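Here is what each chain is made of, one letter per residue.
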Amino acid sequence: MTRMASPSPRSPYAVGDLVAAVTHVPPGQRGRELPMQVSGRIVQVGSGWAGVDADQAYVWIRLASGREALALMKDVRKLRE
């Protein structure tokens with residue numbers, strides 16, 4: 001019987017954290033959209049942080065305008081409140 005590896009630690013970010021980040025623009029949209037610096041509160045923690053595809057782990061951030069932006073966790077940093 002093969003033992004599965006235990007899950008990696010939790011995400012370094014949680015819903016409600018105040019963060020600054022550079023938005024992630026998927027390759028297919030790079031001709032129409034550019035990455036930009038944003039700040040806001042995390043509203044969703046996506047997949048990837050548990051060790052699988054960790055370089056693609058992402059969060060959704062709600063901006064002051066009410067819109068949401070996608071950012072890779074490697075491009076996110078927490079802000080002091």
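**Q** Mind showing me how you'd approach the pairing of strand β2 (residues 37–45) here?
**A** Note on strand geometry: in a regular strand, side chains alternate between the two faces of the sheet. By the bridge criterion, five bridges tie strand β1 (residues 18–22) to β2 in an arrangement that is antiparallel. Paired with A21 across the two strands is V38, which belongs to β2. Two elements, β2 and strand β3 (residues 58–62), share four bridges in a ladder whose sense is antiparallel. Residue pairing for β3: Q44 is matched across the bridge by W60.

**Q** Which parts of the structure should I look at to understand the pattern of salt bridges?
**A** Under the defined criterion, the tally for this structure stands at two salt bridges. E68 is paired through a salt bridge with R62; the nearest N and O atoms lie 2.4 Å apart.

**Q** I keep staring at the layout of surface pockets and nothing clicks. Help me out?
**A** Leftover empty space is mapped by rolling, across the atoms, a probe with the size of a water molecule. When its volume is computed, the largest pocket comes out at roughly 270 Å³. Forming the boundary of the largest pocket are 14 residues, of which T23, E33, E68, A69 and L70 lie nearest the centre. In terms of residues, the lining of the largest pocket owes the most to one element, strand β4 (residues 68–72), which gives three residues.

**Q** Explain the nonpolar core to me, please; I cannot follow it from the model alone.
**A** In summary, soluble globular proteins display a tendency toward joint burial of nonpolar side chains. By size, the foremost hydrophobic cluster in this structure holds 13 residues, and its most contacted members are V59, I61 and V76. Residue assignment for this core shows that the elements contributing at least two residues are β1, β2, β3 and β4. Not counting residues within four places of it along the chain, the set of residues in contact with V76 comprises Y13, V19, A20, A21, V59 and A71.

**Q** Before we go on, may I ask you to explain the environment of T23 in this structure?
**A** Structurally, T23 can be placed in the loop between β1 and β2. Along the chain, T23 and M36 lie 13 residues apart, while their C-alpha atoms are 5.4 Å from each other. Filtering out sequence-adjacent residues up to four positions away, T23 remains in contact with L34, P35, M36, V38, A69 and L70. For T23, the side chain forms a polar contact with the main-chain nitrogen of M36, separated by 2.9 Å.

**Q** Whenever I open this one, the sheet that holds strand β5 (residues 76–78) confuses me. Can you help?
**A** Pairing between sheet strands relies on hydrogen bonds along the backbone, with the strands arranged either parallel or antiparallel. In space, the five strands of this open sheet follow the order β4-β3-β2-β1-β5, with antiparallel pairing throughout. In this open sheet, the two strands that pair with only one neighbour each are β4 and β5. Looking at each pair of strands side by side, their axes are set apart by 45 degrees on average, direction ignored.

Calculation notes
All residue numbers refer to position in the chain's written sequence, counted from 1. Totals for whole chains, interfaces and linings use every residue, but because this is a predicted model, local features are given only for residues with pLDDT of at least 70 and side-chain atom pairs only at 80 or more, for both listing and counting. Hydrogens and water are ignored here; the side-chain numbers use all heavy atoms of the structure. Each pair of strands is called paired provided DSSP finds at least two bridges between the two strands. Counting from the N terminus, the helices are the DSSP runs of H or I reaching at least four residues and the strands are the DSSP runs of E reaching at least two. In what follows, salt bridge is the name for a side-chain nitrogen of Lys or Arg lying within 4 Å of a carboxyl oxygen of Asp or Glu. Lining residues are defined by having an atom within 4 Å of a point belonging to a cavity or pocket. Those points lie on a 1 Å grid over the protein atoms alone, cavities being sets where a 1.4 Å probe fits but cannot get out and pockets being open sets with protein on both sides within 12 Å along at least five of seven lines. Grid points are joined across faces, edges and corners, and a volume is the space filled by probe spheres set on the points. What we call a nonpolar core is a set of buried Ala, Val, Leu, Ile, Met, Phe, Trp, Tyr and Cys residues that are connected through their side-chain atoms within 4.5 Å. Any residue under 20% of the maximum accessible area for its type is buried, any over 50% is exposed, and the rest in between are partly exposed; the area is computed with a 1.4 Å probe on protein chains only. Residue contacts are counted whenever heavy atoms from the two residues lie within 4.5 Å of one another. Distance and chemistry together define a polar contact, namely a pair of N or O atoms within 3.5 Å, with one atom able to donate a hydrogen and the other to accept it when in protein, and with adjacent residues in sequence counting only for side-chain atoms on both sides. Angles run from 0 to 180 degrees between N-to-C directions of axes, and those axes are lines fitted to C-alpha atoms, restricted for helices to the stretch in contact.

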